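# Residue-level structure breakdown
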Amino acid sequence: MSRSGRGTRVTHQELPPALRDAVDDFAEHLAQVRNRSAHTVRAYVTDVIALLDHAVRMGCLELAELDLSVLRSWLARQRTTGAARTSLARRAASARAFSAWAHRAGLLPADVGAALASPRAHRELPSVLRADQAAALMEAPARQPTTAHGTTTTGATVDGSDAAAAEAVLLRDRVLLELLYATGVRVSEACGLDVGDVDHGRRVIRVFGKGGRERAVPYGVPAQRALDDWLRRGRPLLAGARSGDALLLGARGGRLNPTTARQIVGGYAETAGLPRTSPHGLRHSAATHLLEGGADLRAVQELLGHSSLASTQIYTHVSVERLRAAYRQAHPRA
């Protein structure tokens, strides 16, 4: 098996000790100092291990020998093996982050990654639901009967054959859909909510986003009704020893996980005859509908938890595309 075919862990172990220590210190910096998520740390570290493995095969046994030509060679090799533009852009970002850290830590005489260019990632226009389609999705749980075995028609199962517990699952599904669309939060943020993060008086939820950044996000009356029903009639039936303070629970009482949440959203969209939809699609839809309704771009940026306004501006492109489509359809000289 080639070196590239072996697992990242093996490749890490086979690096020279100084390079291996540098990777470990970089990972600790990302997690402890930069407060990056475990997923981000894993992605960056995987890229850096691959970069240093490439550097070793080019004869660089000391980190101080790493230069721009090695970084460019590594990216070029990724390109020739068919890496997508988005992957190349992320790997270049990982290399630049590592180079900057290593220079500040005194391990590199210069920040060689600062001059590393990367292909601009192609950004697809987000797929969004129309407002009437989003409304139909919100109503989908109310139209889903449960079977005699405590299983919803979307496939959610509950312990035992208690129809009341199956009804609780439907209430959970409804509040999940309402919160995702009303607030535009990420699915991981929704699943991470605790009961105490909901301010019922002000209709605001406290969300901990990327990098542990906290923000307050408002929600509307339909979401409030769904929350009230869930907390009064649904959550007590599913809650157990594993529930803790989690707001959204799985059928067996533990905190709802993002994978299950994605299955729930996709399942209701399918049964309602809607386009294929995910929690991220509801986030896109919420942002687009806010902007089309006249919301300020900066306010939408804050609501979504984007650190850069550039991340939010993609939704303006969606609105412009819809405007163009309406113009072509309606204007006599389009």
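Residues numbered from 1 in each chain as written. Predicted model: local features only at pLDDT ≥ 70, side-chain atom pairs only at ≥ 80, totals over all residues. Heavy atoms only, no water.

### Some details on the overall build of the chain
In plain terms, the rule: Comment: elements are numbered from the N terminus, with helices defined as DSSP H or I runs of at least four residues and strands as E runs of at least two. When a residue's accessible area, from a 1.4 Å probe over protein chains only, is under 20% of the maximum for its type it is buried; when over 50% it is exposed; and in between it is partly exposed. In this analysis, two residues are considered to be in contact whenever any of their non-hydrogen atoms come within 4.5 Å of each other. With residues, only the protein chains shown are counted as cover, and all accessible areas are computed by Shrake-Rupley using a 1.4 Å probe.
Per the secondary structure count, the chain includes 13 helices and 3 strands. Every one of the 334 residues in the chain was classed for burial, and the buried ones make up 43%. Intrachain contacts of the chain at a sequence separation of at least 6 include 57% that bridge at least 24 residues. Surface summary for the chain: the accessible area is close to 17,200 Å², and the carbon and sulfur share equals 51%.

### Here we look at the sheet that holds strand E1 (residues 198-199)
Defined as follows: A pair of strands is considered paired only if DSSP assigns at least 2 bridges between the two.
With antiparallel pairing, the 3 strands of this open sheet are ordered in space as E1-E2-E3. Where the open sheet ends on each side, the last strands, each with one partner, are E1 and strand E3 (214-218). By the bridge criterion, 5 bridges tie strand E2 (residues 204-208) to E3 in an arrangement that is antiparallel. Directly across from Phe 208, in E3, lies its bridge partner Glu 214.

### Some remarks on the pattern of salt bridges
Defined as follows: Any Lys or Arg side-chain nitrogen located within 4 Å of an Asp or Glu carboxyl oxygen qualifies as a salt bridge.
Counting across every chain of the model gives 12 salt bridges. Between Arg 215 and Glu 189 there is a salt bridge, with the nearest N and O atoms lying 2.8 Å from each other. With a gap of 26 residues between them, Arg 215 in strand E3 and Glu 189 in helix H8 (residues 187-191) connect regions that are remote in the sequence. Judged by relative accessible area, Arg 215 falls into the buried class, the value being 10%. The buried category is assigned to Glu 189, whose relative accessible area is 6%. The residue Arg 202 makes a salt bridge to Asp 199 at a minimum N-O spacing of 2.8 Å. Accessibility expressed as a relative area gives 61% for Arg 202, which makes it exposed. A single network of salt bridges, built from pairs that share partners, joins Arg 174, Asp 229, Arg 232 and Arg 233.

### Focus: the packing of helix H2 (residues 17-33) against helix H3 (residues 38-57)
This is how it is decided: Only the stretch in contact is used when fitting a helix axis, every axis being a line fitted to C-alpha atoms; angles between N-to-C directions are given from 0 to 180 degrees. Roughly parallel means an angle under 35 degrees; roughly antiparallel means over 145; roughly perpendicular covers 65 to 115; every other angle is labelled oblique. Working rule for handedness: look at the near helix, and if it is turned counterclockwise from the far one by less than a right angle, call the crossing left-handed; if clockwise, right-handed. Under the convention adopted here, Pro, Cys and the residues Ala, Val, Leu, Ile, Met, Phe, Trp and Tyr are nonpolar, Asp, Glu, Lys and Arg are charged, and Gly plus all remaining residues are polar.
The contact between H2 and H3 brings their axes to 10 Å, and the two run at 160°. It follows that H2 is roughly antiparallel to H3 by the angle criterion. Between H2 and H3 the crossing geometry is right-handed. Facing Leu 19, Val 23, Phe 26, Ala 27, Leu 30 and Ala 31 of H2, the residues of H3 in contact are Val 41, Tyr 44, Val 45, Val 48, Ile 49, Leu 52 and Val 56. Across the contact of H2 with H3, the residue classes tally to 13 nonpolar, no polar and no charged.

### Description of the pairing of E2
Note that E1 and E2 share 2 bridges and pair antiparallel. When the sheet's bridge partners are listed, Asp 199 is paired in E2 with Val 204. Hairpin geometry of E1 and E2 is characterised by an intervening segment of 4 residues between the two adjacent antiparallel strands and by a positive phi of about 55° at Arg 203.

### Observations concerning a negative patch on the surface
The condition that has to hold: A patch consists of residues exposed above 30% relative accessible area that lack any salt bridge, with like charges linked at up to 9 Å and nonpolar side chains (Val, Leu, Ile, Met, Phe, Trp, Tyr) linked at up to 5 Å. A positive count includes Lys and Arg, and a negative count includes Asp and Glu. His and the chain ends are not counted in either. The atoms used to mark charge sites are NZ of Lys, CZ of Arg, CG of Asp and CD of Glu.
A surface patch of negative charge is lined by Asp 21, Asp 24, Asp 25 and Glu 28. Of note, Asp 25 is situated in helix H2.

### Side note on the packing of helix H7 (residues 163-183) against helix H9 (residues 221-238)
Where H7 contacts H9, the two axes come as close as 8 Å, and the packing angle between them is 150°. In the packing of H7 onto H9, the handedness of the crossing is left-handed. Here Ala 164, Ala 165, Ala 168, Val 169, Leu 171, Arg 172, Arg 174, Val 175, Glu 178, Leu 179 and Ala 182 of H7 come into contact with H9, specifically with Pro 222, Ala 223, Arg 225, Ala 226, Leu 227, Asp 229, Trp 230, Arg 233, Gly 234, Leu 237 and Leu 238. Counted by class, the contact of H7 with H9 contains 15 nonpolar, 1 polar and 6 charged residues.

### Digging into unusual backbone geometry
The backbone of Asn 35 sits at a positive phi, close to 55°, despite the residue not being glycine. By the secondary structure assignment, Asn 35 is in the loop between H2 and H3. Classification of Asn 35 as partly exposed rests on a relative accessible area of 40%. Even without glycine at this site, Arg 203 takes up a positive phi of about 55°. For Arg 203, the position within the fold is in the loop between E1 and E2. Since its relative accessible area comes to 32%, Arg 203 is described here as partly exposed.

### Some details on the environment of His 306
Mapped onto the secondary structure, His 306 falls in the loop between helix H12 (297-304) and helix H13 (309-330). The exposure class of His 306 is buried, given its relative accessible area of 16%. Sequence separation between His 306 and Lys 210 is 96 residues, and the spatial gap between their C-alpha atoms is 8.9 Å.

### Describing the confidence of the model for the chain
This is how it is decided: The quantity known as pLDDT measures the predictor's confidence residue by residue, on a range of 0 to 100.
On average, the chain scores 84 in pLDDT, and the residues at 70 or more come to 82%. When the criterion is pLDDT under 50, residues 1-5 qualifies, and its contacts beyond four places in sequence or with other chains add up to 6 contacts. In this model residues 146-161 is a low-confidence stretch, pLDDT under 50, and it forms 34 contacts with partners more than four residues away in sequence or in other chains.

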